[in-house]
Amino acid sequence: MSYYITTPIYYVNAEPHIGHAYTTVVADALARFHRLLGEETRFQTGTDEHGEKVLEAAAAAGLPVKEFVDRISARFRQSWDDLDISYDNYIRTTDPAHVRVVQEILTRVHESGDIYFGEYGGLYCFGCECFYLERDLVDGLCPDHRVAPTYLKEENYFFRMSKYQDWLIDQIRTHPDWIRPERYRNEMLAFLKEPLEDLCISRPKSRMAWGIPLPFDDRYVTYVWFDALINYLSGLGYPGDKAYEKFWPAQHLIAKDILKPHAIYWPTMLRSMGLSPYRRLNVHGYWQMATGKMSKSLGNVVEPQVLVARFGLDQVRYFFLREMVFGLDAHFSEAALTNRINADLANDLGNLLARSLGMAFKYRQGVVPSPGDPAPPDAEVVSAVQAMAANFLRLFPGLEFARALAGLWEFIGHLNRYIVAAAPWELAKQPEAAGRLDTVLYHLLEGLRWIAALLRPVMPRSALKMSEQLGLGLALWDHPLPQVLRWGGLTPGSRLAKGPALFPRIEAADQ
Ligand code: MSP
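Thresholds applied
Residues numbered from 1 in each chain as written. Predicted model: local features only at pLDDT ≥ 70, side-chain atom pairs only at ≥ 80, totals over all residues. Heavy atoms only, no water. Axes fitted to C-alpha atoms, helices over the stretch in contact; angles between N-to-C directions. Helix = DSSP H or I, 4+ residues; strand = E, 2+ residues; numbered from the N terminus. Parallel < 35°, antiparallel > 145°, perpendicular 65-115°, else oblique. Contact = heavy atoms within 4.5 Å. Nonpolar A, V, L, I, M, F, W, Y, C, P; charged D, E, K, R; others polar. Buried < 20%, exposed > 50% of the residue type's maximum accessible area, 1.4 Å probe, protein only. Pairing = 2+ DSSP bridges. Near = heavy atom within 4 Å. Polar contact = N/O pair within 3.5 Å; in protein donor to acceptor, adjacent residues only side chain to side chain. Areas by Shrake-Rupley, 256 points an atom, 1.4 Å probe, with all protein chains shown as cover. Lys, Arg positive; Asp, Glu negative; His and termini not counted. Salt bridge = Lys/Arg side-chain N within 4 Å of Asp/Glu carboxyl O.

A. Examining the packing of helix α1 (residues 18-36) against helix α12 (residues 313-323) more closely. One can describe the packing of α1 onto α12 by two numbers: an axis separation of 10 Å at closest approach and a directional angle of 90°. Taken together, α1 and α12 sit at an angle that is classed as roughly perpendicular. In this structure, α1 uses Ile18, Ala21, Tyr22, Val25, Val26, Asp28, Ala29 and Arg32 to contact α12, whose residues at the interface are Arg317, Phe320 and Leu321. Partitioned by chemical class, the residues of the contact of α1 with α12 number eight nonpolar, no polar and three charged.

Laid out in structure tokens, this is it:
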């Protein structure tokens, strides 16, 4: 089994912000999860460096364009390194290997007759770098940039996208999970009710020269989307590399802003190349700020590093996955983040770990005790954790992170109540209850082992620290997750290790 997950390649016209960070963290959590299942996994992210927007941004920064893209691309890469993003490949569309693949594909598609030369007059949005139809506009304005498009008439090359319309409709209809969640699948099916136009895939150099030259006409460069989408293949070393055989088709992860290029252009391009479609298109919503959509002009851009420096890396990762229902928009605020950290992490999980370890040291010198015969509340712990883990293993790869984590936190609540009901501090006063105390402590520690195992993709560092306190360290993940998740994995007699509190509270004064 292999698994290939990609993020969009981000435009280098602006600095990374938490919107980019969200997608990248989700992809990272998925990659880590699939690695833990024992699947051969590849995770790719990178930067999209051609086109008008980038050229303009370089001019605004007063830098030669290559120097500018090198700088911003490195900034994205640094952000992902700071966020513990475990990408296997970082692709840049200015990489010579990528440029070569785009040109090879253009040559092939051109020779097959799916690219033709023609004249087109239409409404062009410079922000989107694309033509719009009247019907796509909102009050005569570009739906994204809210500016009136310019009428532009020029000779260009076109990709025969219309030819694949029926195939695409059929592909979407017969593969219900191909574009998910369903709302985006429906949106595309509705869009495809109208006739599909061919796609303009070139830009005259005289107007915009920052792109990959067309191999069959050097007066033109490639339209940035035709270049960018191919990263998902060129990053695998397509066509020659074994990685392509092993990892294609991909699971793509995007937000709703770039649904159309991924749901319409890309599958028809692949079809024309004679390749199989991607495995899935996973589409999430937007993080909204109190002041509206995050944008430079509104001055409400939140940089991931700033957030991480203030709140902690795993805290931010947890918040991303717990707070947003995948597919829907969510509101971002520091108050919501603080609340999640204090309630879920410091109170629920942090206290459970600290209390359980504290009691194991106080009553059993930091050694894992041997459990005796389980009483009903102990058996309930076992069945609760098994049910929770089964759900988690189903929900997480299905992108239902919020529900998977909510279920895990219900189990944390269950263990916290189990402590109160079992009252180990009372048992410790009664010599005849020693066996009972052993059993309770074992159930707590073993329950924590399951929690640490499942949290690894979400909070890699904290899960490792938990595992170290349980005396296991990285060895906890030596086997594929389904094998790790068997009751009794913690060995009686093994030593625990004390550690500092995992999730300090965020005090109101910090806010
Ligand atoms: N370069 C293109 C993608 C080409 S992929 C072949 C592009 N780049 S982008 O820099 O604009 O990134 C868009 C992506 O950034 C979104 O699809 C999403 O993954 C992420 N996000 C940007 N803002 C976001 C929010 N406010 N909320 C959630 N995700 C956001 O489009």
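B. Inspection of the pairing of strand β2 (residues 40-48) at higher detail. Within β2, eight of the nine residues are buried, which leaves the element mostly enclosed by the surrounding structure. With eight bridges connecting them, strand β1 (residues 2-11) and β2 associate as parallel partners. When the sheet's bridge partners are listed, isoleucine 9 is paired in β2 with glycine 46.

C. Region of the structure containing the environment of serine 206. By the element assignment, serine 206 lies in the loop between β9 (202-204) and β10 (213-214). By relative accessible area, which is 73% here, serine 206 ends up exposed. For the pair formed by serine 206 and tyrosine 220, sequence separation is 14 residues and the distance between their alpha carbons is 8.1 Å.

D. Representation of the site of the ligand within the structure. The ligand sits among 23 residues. The nearest are Ile9, Thr23, Asp48, Asp257 and Trp287. One of the side-chain N or O atoms of aspartate 48 is found 2.7 Å from a nitrogen atom in the ligand. Relative to its unbound accessible surface of 680 Å², the ligand loses 93% to contact with the protein. Sort the elements by how many residues they give to the shell around the ligand and β1 lands first, with four residues. Across the shell around the ligand, the residue classes tally to 13 nonpolar, eight polar and two charged.

E. The sheet that holds strand β11 (residues 217-222), seen in detail. The three strands lie next to each other as β9-β11-β10, forming an open sheet whose pairing is antiparallel. Single-partner strands in this sheet number two, and they are β9 and β10.

F. Expanded view of the side chain of arginine 456. Along the polypeptide, arginine 456 turns up in the loop between α17 (434-455) and α18 (460-469). Buried within the structure, arginine 456 lacks any salt-bridge partner; its nearest side chain of opposite charge belongs to aspartate 84, at an N-O separation of 7.7 Å. Among the polar contacts listed, one links the side chain of arginine 456 to the backbone oxygen of proline 460, at a separation of 3.0 Å. Discounting residues that sit within four places of it in the chain, arginine 456 has contacts with Arg32, Leu36, Ala463, Leu464, Leu474 and Trp477.

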